[in-house]
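The primary structure of each chain is shown beneath.
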Amino acid sequence: MKTSNNTILITGGGSGIGYEIAKLFSVDNKVIITGRNAEKLEKAVLSLKNVTGIVSDINNEADVSKLTKQLYEDFPNLNIVINNAGLAHYFKLTDENANAFEKASEEILTNYLSIVRLTEKLLPLLQKQPEAAFVNVSSIAAFSPGYTLPGYAVSKAALHSYSQVLRVSLEKQEKRPLVKVFELMPPLVNTEFSKSIGGENGISPEQVALDLKKGFENETYEIHVGATADFYKLYLSSPEDALQAMNANRK
């Protein structure tokens with residue numbers, strides 16, 4: 001997958017991992033970032049080059065329809081979609097008044113269903129390009145859940161399975177340019193998003209962006225960032241040990 005002369009959409013591109021991906025790729029590509037917070041998005045756009053900001057909530061059907069219409073009209077060469085926007089609630093299923101259903105519903109919508117919707121709407125546009133790709137930002141939690149992030153872990157496991165199904169479906173499609181499907185799987189990352197779960201102990205979002213670029217270059221479709229690589233090996237050898245390791249130091 002080429003890493004220059006692309007037109008790239010990044011959802012949730014105003015901060016954290018999305019911002020660092022935009023920063024890295026905007027040097028040699030045209031980048032569009034979206035987010036719900038207009039002020040944050042404008043600040044990000046002003047700090048970068050070759051970047052367009054579009055205020056859009058991926059959970060809002062009307063917003064998504066408006067966004068896709070604009071992309072088809074104004075960015076007909078769009079060939080990479082990075083589904084990065086995410087949501088995580090930090091709680092335990094045994095907490096009193098955990099509101100697990102409401103929180104899980106929000107996480108499933110943001111981290112999984114919204115991606116299914118946006119992908120379906122943008123797939124025809126990407127299939128018109130000589131080379132194209134979707135990138136789904138999932139998580140190490142897709143392999144083994146942390147019990148303090150129950151809804152988040154389940155939603156990322158769903159996204160992991162969806163990424164695999166989408167990849168196989170596109171590979172089996174005939175007489176169309178192949179749209180590739182990458183899955184970016186970070187461990188804990190030091191961002192505002194992960195502040196409540198000890199994000200300061202995580203890797204830098206810059207490293208996640210660099211690993212994505214390397215994954216493109218090497219055609220690595222499941223990109224295990226940082227500690228995810230070793231954790232995946234543990235998971236393959238013993239799912240139970242991986243589950244215990246994921247939850248060993250959680251409180």
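Here the structure is a predicted model, which means the values were calculated and not measured. (Residues numbered from 1 in each chain as written. Predicted model: local features only at pLDDT ≥ 70, side-chain atom pairs only at ≥ 80, totals over all residues. Heavy atoms only, no water.)

Asker: What is the right way to read the overall build of the protein from this model?
Answerer: For the protein, the helix and strand inventory stands at eight helices and seven strands. With the C-alpha coordinates of the protein rotated into their principal frame, the extents come out at 50 × 40 × 30 Å. Put simply, the protein has 251 residues, and 48% of those count as buried. The long-range fraction of contacts in the protein, counting pairs at least 24 apart against all pairs at least 6 apart in sequence, stands at 66%. Accessible area for the protein stands at about 12,400 Å²; split by element, carbon and sulfur atoms hold 51% of it. (Helix = DSSP H or I, 4+ residues; strand = E, 2+ residues; numbered from the N terminus. Buried < 20%, exposed > 50% of the residue type's maximum accessible area, 1.4 Å probe, protein only. Contact = heavy atoms within 4.5 Å. Areas by Shrake-Rupley, 256 points an atom, 1.4 Å probe, with all protein chains shown as cover.)

Asker: Where do I start with the nonpolar core in this structure?
Answerer: The nonpolar side chains of a soluble globular protein tend to be buried, and buried together. Ile21, Ile82, Leu184 and Leu212 are the most contacted members of the largest nonpolar core, which totals 28 residues. Elements with a minimum of two residues in this core: β1 (7-11), α1 (16-25), β2 (30-35), α2 (38-46), β4 (80-83), β5 (132-137), β6 (179-185) and α6 (205-218). Looking at this core, the element that brings in the most residues is α1, giving five residues. The next biggest cluster of nonpolar side chains, apart from the first, holds 23 residues, and it includes Ile54, Leu71, Leu123 and Phe134. (Core = buried A, V, L, I, M, F, W, Y, C linked by side-chain atoms within 4.5 Å.)

Asker: Honestly, the side chain of asparagine 136 in this entry has me stumped. Any pointers?
Answerer: Structurally, asparagine 136 can be placed in strand β5. Here asparagine 136 falls in the buried class, since its relative accessible area comes to 0%. Engagement of the side chain of asparagine 136 in a polar contact is seen with the side chain of asparagine 83, the distance being 2.9 Å. Side-chain polar atoms of asparagine 136 contact the side chain of serine 163, separated by 2.9 Å. In contact with asparagine 136, other than residues within four places in its own chain, are Asn83, Ile115, Leu159, Tyr162, Ser163, Val181, Phe182, Glu183 and Leu184. (Polar contact = N/O pair within 3.5 Å; in protein donor to acceptor, adjacent residues only side chain to side chain.)

Asker: I keep staring at the environment of serine 144 and nothing clicks. Help me out?
Answerer: With respect to the helices, strands and loops of the structure, serine 144 is situated in the loop between β5 and α5 (150-171). Using a relative accessible area of 2% as the deciding quantity, one classes serine 144 as buried. C-alpha of serine 144 to C-alpha of alanine 157: the two residues are 13 residues apart in sequence and 8.5 Å apart in space. If near-sequence neighbours (up to four positions away) are discounted, serine 144 is found in contact with Phe231, Tyr235, Pro239, Ala242, Leu243 and Met246.

Asker: Looking at this model, I keep getting lost on the UniProt feature "domain: Ketoreductase" (unreviewed entry) in the protein. Mind explaining?
Answerer: Per the UniProt entry, the sites bearing "domain: Ketoreductase" (unreviewed entry) are residues 6-192 in this numbering. The span residues 6-192 is 44% helical and 18% strand by assignment, and the distance between its end C-alpha atoms comes to 28 Å. (UniProt positions renumbered as here; feature names shortened; annotations may be inferred.)

Asker: Quick question: what am I supposed to make of the packing of aromatic side chains here?
Answerer: What describes a pair of aromatic rings is the distance from one ring centre to the other and the angle between the planes of the rings. Scanning the model with the defined rule gives seven aromatic pairs in all. With centroids separated by 5.0 Å and ring planes inclined at 45°, the aromatic side chains of phenylalanine 182 and tyrosine 221 adopt a geometry described as tilted. Taken together, the residues phenylalanine 182 in strand β6 and tyrosine 221 in the loop between α6 and β7 (222-224) connect sequence positions 39 residues apart. A relative accessible area of 25% places tyrosine 221 in the partly exposed class. Members of the aromatic cluster, connected to one another through ring pairs, are Phe25, Phe182, Phe216 and Tyr221. Of note, lysine 103 hangs over the ring of phenylalanine 91, and the distance from its end group to the ring centre comes to 4.7 Å. (Phe/Tyr/Trp six-rings, centres within 6.5 Å; stacked < 30°, edge-to-face > 60°. Lys NZ or Arg CZ within 6 Å of the ring centre and 35° of its normal.)

Asker: Got a minute to help me understand the packing of helix α7 (residues 228-237) against helix α8 (residues 239-247) in this structure?
Answerer: The relative placement of two packed helices is expressed as an angle between their axes plus a distance between the axes. Viewed as axis vectors pointing N to C, α7 and α8 meet at an angle of 135°, and their least axial separation amounts to 5 Å. On the basis of their axis angle, the class for α7 and α8 is oblique. Along the contact surface, α7 presents Phe231, Leu234, Tyr235 and Ser237, while α8 presents Pro239, Asp241, Ala242, Ala245 and Met246. Class assignment of the residues belonging to the contact of α7 with α8 gives a composition of seven nonpolar, one polar and one charged. (Axes fitted to C-alpha atoms, helices over the stretch in contact; angles between N-to-C directions. Parallel < 35°, antiparallel > 145°, perpendicular 65-115°, else oblique. Nonpolar A, V, L, I, M, F, W, Y, C, P; charged D, E, K, R; others polar.)

Asker: Sorry, what's going on with the environment of glycine 226 here?
Answerer: With respect to the secondary-structure elements, glycine 226 resides in the loop between β7 and α7. C-alpha separation for the pair glycine 226 and isoleucine 33, spaced 193 residues apart in sequence, amounts to 25 Å.

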